[in-house]
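Chain by chain, the residues run as shown.
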Amino acid sequence: MSKVAIITGGGSGLGQATAVRLAEEGVNISVVDISEEGGNRTVEMVKDKGADAIFIKADVSKNEDVKNYVDETVSHFGTIDYFFNNAGISGSGKYFLDSDIDEIEKIVGINLLGALYGVRHVAEVMKKQGSGAIVNTASSAGVIGQDSVVIYSATKHGIIGLTKSMVAEYAKDGLRVNAIAPGPTETEMVRNFYKDNPEMKENAESGIPQKRLGTPEEVAELVTFLLTSKAEYINGEVIRIDGGFTNVK
Ligand SMILES: NC(=O)C1=CN([C@@H]2O[C@H](COP(=O)(O)OP(=O)(O)OC[C@H]3O[C@@H](n4cnc5c(N)ncnc54)[C@H](O)[C@@H]3O)[C@@H](O)[C@H]2O)C=CC1
Ligand SMILES: CC(=O)C(C)=O
């Protein structure tokens, strides 16, 4: 029987690339995104690979939307085998003391509360099933400190705490929970961030030992490995995929 994955932020970037890669493995996908246009495009891309997909519109910072995408997935596909808990936003690039409270609430709401709500509802289904694999999207800014991204970095460090502590509570129930920590990767989010903060692009590229940004397809390959049975004994890990960036910082 085909496996089923929920991917949040599935309408673009890392989520979209992972949807396509999982579809190549025959996995059916619930594409969750706030953007109907992006989400529907991903559904078409998954179907082109021969797998089934539905789009569920949700703002992950709203608990009722999160509960709804979980319920809709179970009612349509009957199960949730994999969860790529990935939707997120960057920030303005301002120094922390120049940022306002609205920015703090927005980034924390989407990146951290959204991820916590997601795991809260998905893990309940997986625990009942006695199996399931989750990959949470952290960031290189979740394993090291960096200027201009204090709020973002705080949320991504939180994602890592969520990942490790879930394992302490639910590995015995058949759950695997891992995190990825990508360095700068060529997606819409990063293109927009560097457009507003061009000096950070130069700093990023020169600071990466491999001297290039990552690609969404490289990240999708890692997520697919971690979600599927090939990684059956990997649990609570934070896998960096950053061209060596955080190893030389
Ligand atoms: N691109 C990069 O360099 C890196 C990205 N990340 C993380 O990867 C994740 C995905 O980012 P990218 O693919 O790069 O960005 P992206 O901007 O290409 O994709 C993010 C998707 O999330 C959706 N989204 C935004 N807010 C949402 C909300 N409230 N509810 C539901 N969906 C929402 C957007 O509509 C978009 O489709 C994020 O968590 C980001 O922090 C981590 C490290 C590096
Ligand atoms: C956006 C982001 O997470 C990085 C590492 O650039």
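Keep in mind it's a predicted model, so treat the numbers as computed, not measured.

1. A word on the sheet that holds strand 6 (residues 175–182)
Strand order across the open sheet formed by seven strands is 3-2-1-4-5-6-7, with parallel pairing between neighbours. Strands with a single pairing partner mark the edges of an open sheet, and in this sheet they are strand 3 (53–57) and strand 7 (238–241). Each strand of the sheet is rotated relative to its neighbour by a mean of 15 degrees, with strand direction disregarded. As paired strands, strand 2 (residues 28–33) and strand 3 are joined by five bridges and run parallel to one another. Residue aspartate 33 lies in a different strand from strand 3, and its bridge partner there is lysine 57. In the packing of helix 4 (residues 101–129) onto the sheet, the strands contacted are strand 1 (4–8), strand 4 (82–85), strand 5 (132–137) and strand 6, and the crossing angle to strand 4 comes to about 175 degrees. Contacts between helix 8 (residues 216–227) and the sheet are confined to strand 4, strand 5, strand 6 and strand 7, with strand 6 contributing the most and set at about 165 degrees to the helix.

2. With respect to the packing of helix 4 against helix 5 (residues 150–170)
Taken N-terminus to C-terminus, the directions of helix 4 and helix 5 make an angle of 15 degrees; their axes are 9 Å apart at the nearest point. Our classification of the angle between helix 4 and helix 5 gives roughly parallel. Note on packing geometry: the crossing formed by helix 4 with helix 5 is right-handed. Contacts between helix 4 and helix 5 involve Glu103, Ile104, Ile107, Val108, Asn111, Leu112, Ala115, Leu116, Val119, Ala123 and Lys127 from the first element and Ile151, Tyr152, Thr155, Lys156, Gly158, Ile159, Leu162, Met166 and Tyr170 from the second. In the contact of helix 4 with helix 5, the residues fall into 14 nonpolar, three polar and three charged.

What counts, and at which threshold
Residues numbered from 1 in each chain as written. Chains lettered and ligands numbered in written order. Predicted model: local features only at pLDDT ≥ 70, side-chain atom pairs only at ≥ 80, totals over all residues. Heavy atoms only, no water. Pairing = 2+ DSSP bridges. Helix = DSSP H or I, 4+ residues; strand = E, 2+ residues; numbered from the N terminus. Axes fitted to C-alpha atoms, helices over the stretch in contact; angles between N-to-C directions. Contact = heavy atoms within 4.5 Å. Parallel < 35°, antiparallel > 145°, perpendicular 65-115°, else oblique. Left-handed = near helix turned anticlockwise from the far one by under 90°. Nonpolar A, V, L, I, M, F, W, Y, C, P; charged D, E, K, R; others polar.

The values reported here are purely geometric and, on their own, carry no functional implication.
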